[in-house]
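Each chain is listed here by its residues.
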Amino acid sequence: MKTKILPLFLALAFMSGSALAAPRTVTLDVQNMTCAVCPITVKKALEHVSGVQQVTVDYASKTAIVEFDDMVATVDKLTEATQNAGYPTSIKAGKK
């Protein structure tokens, strides 16, 4: 009986850790956005990063707000994705 309970306990512990992880939100300053189509490219680049859950890009403020699972994605992966798309980003001062 003990041998059947241990695997079940371990599986539940593993699942609850990821299920209870809160999403992280970061605001990025986006460079090189020069037209109203640019935010679409930035959004698509960020959405292709594994772990990203939601992206809002604003042309007027030149920012991207990204909600992501920080157990899967990192800010470095987000900035790398935008850099590769031609839009360097950095964490907006005072926001994380």
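Residues numbered from 1 in each chain as written. Predicted model: local features only at pLDDT ≥ 70, side-chain atom pairs only at ≥ 80, totals over all residues. Heavy atoms only, no water.

Participant: I'm lost on the overall build of the protein in this one. Help?
Facilitator: On a plain count of helices and strands, the protein comes out with 3 helices and 4 strands. Walking the protein from its N terminus toward its C terminus, one meets helices and strands in the order α-β-α-β-β-α-β. Out of the 96 residues in the protein, the part that is buried amounts to 30%. Across the protein, contacts joining residues at least 24 apart in sequence account for 64% of those joining residues at least 6 apart. (Helix = DSSP H or I, 4+ residues; strand = E, 2+ residues; numbered from the N terminus. Buried < 20%, exposed > 50% of the residue type's maximum accessible area, 1.4 Å probe, protein only. Contact = heavy atoms within 4.5 Å.)

Participant: It is not clear to me how the state of the cysteines should be interpreted in this structure. Could you clarify?
Facilitator: As used here, a disulfide is simply a covalent bond connecting the sulfur atoms of two cysteines. On inspection of all chains with the given rule, the structure shows 0 disulfides. Cys-38 supplies the cysteine sulfur nearest to Cys-35, a cysteine that is in no disulfide, at a spacing of 3.5 Å. Since its relative accessible area comes to 32%, Cys-35 is described here as partly exposed. (Disulfide = S-S within 2.5 Å.)

Participant: Sorry if this is basic, but what is going on with the pairing of strand 3 (residues 63-68) here?
Facilitator: Regular strands show a simple pattern: their side chains alternate between the two faces of the sheet. With 6 bridges joining them, strand 1 (residues 24-30) and strand 3 adopt antiparallel strand pairing. In the strand pairing of strand 3, Asp-29 is matched with Thr-63. For strand 2 (residues 52-58) and strand 3, the ladder comprises 6 bridges, and the chain directions are antiparallel. For Asp-58, the partnering residue across the bridge sits in strand 3 and is Thr-63. In textbook terms, the turn of a hairpin is the stretch between consecutive antiparallel strands, and for strand 2 and strand 3 this stretch comprises 4 residues, one of which, Lys-62, has a positive phi near 55°. (Pairing = 2+ DSSP bridges.)

Participant: For this particular structure, what's the right way to read the sheet that holds strand 2?
Facilitator: As a general point, the strands of a sheet are linked pairwise by backbone hydrogen bonds and lie either parallel or antiparallel. Spatially, 4 strands are ordered 2-3-1-4 in an open sheet, and the strand pairing comes out antiparallel. Of all strands in the sheet, those with a lone pairing partner are strand 2 and strand 4 (89-91), marking the two edges. Strand-to-strand twist in this sheet, taken as the mean axis angle between neighbours without regard to direction, amounts to 25°. Where helix 2 (residues 38-47) meets the sheet, it contacts strand 1, strand 2 and strand 3, and its direction lies at approximately 165° from that of strand 2. Of the strands in this sheet, strand 1, strand 2, strand 3 and strand 4 touch helix 3 (residues 75-84), which is tilted by about 35° from strand 1. (Axes fitted to C-alpha atoms, helices over the stretch in contact; angles between N-to-C directions.)

Participant: Help me out: how do you make sense of helix 2 in this one?
Facilitator: Residues that lie three or four places apart on an α-helix share one face, since the helix turns once every 3.6 residues. Those residues of helix 2 not exposed but buried are Cys-38, Pro-39, Val-42, Ala-45 and Leu-46. Mapping the buried residues of helix 2 onto a view down its axis gives an arc of 125°, with all of them on the same face. Structurally, helix 2 contributes buried residues whose contacts are with strand 1, strand 2, strand 3 and helix 3. (Arc of directions from axis to C-beta.)

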